[in-house]
Amino acid sequence: MKFQGKSHKFDNDVNTDYIISGKYKFKTLDMNELAKHVMEDLDPDFYSKVTPGDFIVAGSNFGCGSSREQAPLAIKHANISAVLAKSFARIFYRNAINTGLPVLECDTDLIDPGDLLDVDLTNGVIINRTKDLKISVKPLPQVMIKILNDGGLAPHFRKYGGFNFG
């Protein structure tokens, strides 16, 4: 899995209410509608700035807060290809993989807003093309890459009738 896009950078402790505000997630289940409001409490113009394939880049503890799946689903439907952060809240991390949103732990200090990035999940590498830097990524287990390739946990189970580790 390889992705290319520009970075949209946020700080530490981005909670799920910042990702998608409660004032929206209780009004609709339409993910395309929710996607229009992703990150708007931190950047009101975020959705209009995103080009399909872009990345959310953050500091530590990304996705803290509630355990609802709307946060990673809304990010995915906002055409974000992956979230790169120093660390993730555990439940957000699991929900992201389960819904098919790649999440990668790495040092994000070398990434600035608007940097053009190449992300290679399979080889565990990020190339910051703007700065001509190679950033190591905490590698994902093969089963997680397979789940992501299948579009998330439910499609993976439908495809294989359970976990496929091969």
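Everything here concerns the structure above.
As the structure is a prediction and not an experimental result, all values here were calculated from the model.

Asks: Account for the overall build of the chain, with residues named and values stated.
Replies: Scanning the chain from terminus to terminus reveals eight helices and seven strands. Dimensions of the chain, computed from the C-alpha atoms along their principal axes, are close to 45 × 45 × 25 Å. Here the chain, with 166 residues, has 48% of them falling under the buried criterion. With the model as given, the accessible surface of the chain reaches about 8100 Å², and the carbon-plus-sulfur share is 50%. Within the chain, the 20 negative side-chain charges are centred at a point lying 6 Å from the centre of the 20 positive side-chain charges.

Asks: Help me get a handle on the side chain of E40, residues and values and all.
Replies: Looking at the secondary structure, you find E40 in the loop between α3 (31-35) and α4 (46-49). Look past the residues within four positions of E40 in its chain and what remains in contact with it is Y18, K23 and Y24.

Asks: Summarise the pairing of strand β1 (residues 2-9); cite the residues concerned and give the values.
Replies: As defined by bridge partners, β1 adjoins strand β5 (residues 116-120) across five bridges and the pair is classed as antiparallel. Bridge pairing links F3 to V119 in β5.

Asks: Describe in detail the pattern of salt bridges, supporting the description with residues and values.
Replies: Using the criterion set out here, one finds nine salt bridges in the structure. Between D43 and K49 there is a salt bridge whose closest N-O contact spans 2.9 Å. On the basis of relative accessibility, which here comes to 16%, the residue D43 falls in the buried class. When its relative accessible area of 39% is taken as the criterion, K49 is described as partly exposed. R129 is paired through a salt bridge with D118; the nearest N and O atoms lie 3.8 Å apart. One end of the pair, R129, is in the loop between β6 (125-128) and β7 (133-136); the other, D118, is in strand β5, and 11 residues separate them in sequence.

Asks: Before we move on, can you summarise the packing of aromatic side chains with the specific residues and values?
Replies: The geometry of two aromatic rings is summed up by the distance between their centres and the angle between their planes. Applying the stated criterion across every chain, the model contains six aromatic pairs. Centroid distance F62 to F92: 5.3 Å. Interplanar angle 75°. Geometry classified as edge-to-face. Note that F62 is positioned in the loop between β2 (54-58) and α5 (70-77) and F92 in helix α6 (residues 90-99), a separation of 30 residues in sequence. Measuring from centroid to centroid gives 6.3 Å for F88 and F92, while their planes differ by 5°, and the two rings are stacked. We note that F88, like F92, is buried. Clustering of aromatic rings is evident, with ring pairs tying together F62, F88, F92 and Y93.

Asks: Could you give an account of the packing of α5 against α6, with specific residues and numbers?
Replies: Where α5 meets α6, the closest approach of the two axes is 8 Å, and the angle between their N-to-C directions is 50°. Classified by the angle their axes make, α5 and α6 are oblique. Handedness of the crossing formed by α5 with α6: right-handed. Each of A71, P72, L73, I75 and K76 in α5 lies in contact with α6, whose residues at this interface are F92, N95, A96 and T99. In terms of residue class, the contact of α5 with α6 is made up of six nonpolar, two polar and one charged.

Asks: Please provide a residue-by-residue account of the nonpolar core, values included.
Replies: Counting 49 residues, the largest nonpolar core has M39, I56, F62, I75, L84 and F92 as its most contacted members. Going through the elements one at a time, α3, β2, α5, β3 (80-85), α6, β4 (103-105), β5 and α7 (142-149) are the ones with two or more residues in this core. Setting aside residues no more than four positions away along its own chain, F62 makes contact with V14, I19, M39, I56, I75, V83, A85, S87, F88, A89 and F92.

Thresholds, definitions, all that
Residues numbered from 1 in each chain as written. Predicted model: local features only at pLDDT ≥ 70, side-chain atom pairs only at ≥ 80, totals over all residues. Heavy atoms only, no water. Helix = DSSP H or I, 4+ residues; strand = E, 2+ residues; numbered from the N terminus. Buried < 20%, exposed > 50% of the residue type's maximum accessible area, 1.4 Å probe, protein only. Areas by Shrake-Rupley, 256 points an atom, 1.4 Å probe, with all protein chains shown as cover. Lys, Arg positive; Asp, Glu negative; His and termini not counted. Charge placed at Lys NZ, Arg CZ, Asp CG, Glu CD. Contact = heavy atoms within 4.5 Å. Pairing = 2+ DSSP bridges. Salt bridge = Lys/Arg side-chain N within 4 Å of Asp/Glu carboxyl O. Phe/Tyr/Trp six-rings, centres within 6.5 Å; stacked < 30°, edge-to-face > 60°. Axes fitted to C-alpha atoms, helices over the stretch in contact; angles between N-to-C directions. Parallel < 35°, antiparallel > 145°, perpendicular 65-115°, else oblique. Left-handed = near helix turned anticlockwise from the far one by under 90°. Nonpolar A, V, L, I, M, F, W, Y, C, P; charged D, E, K, R; others polar. Core = buried A, V, L, I, M, F, W, Y, C linked by side-chain atoms within 4.5 Å.

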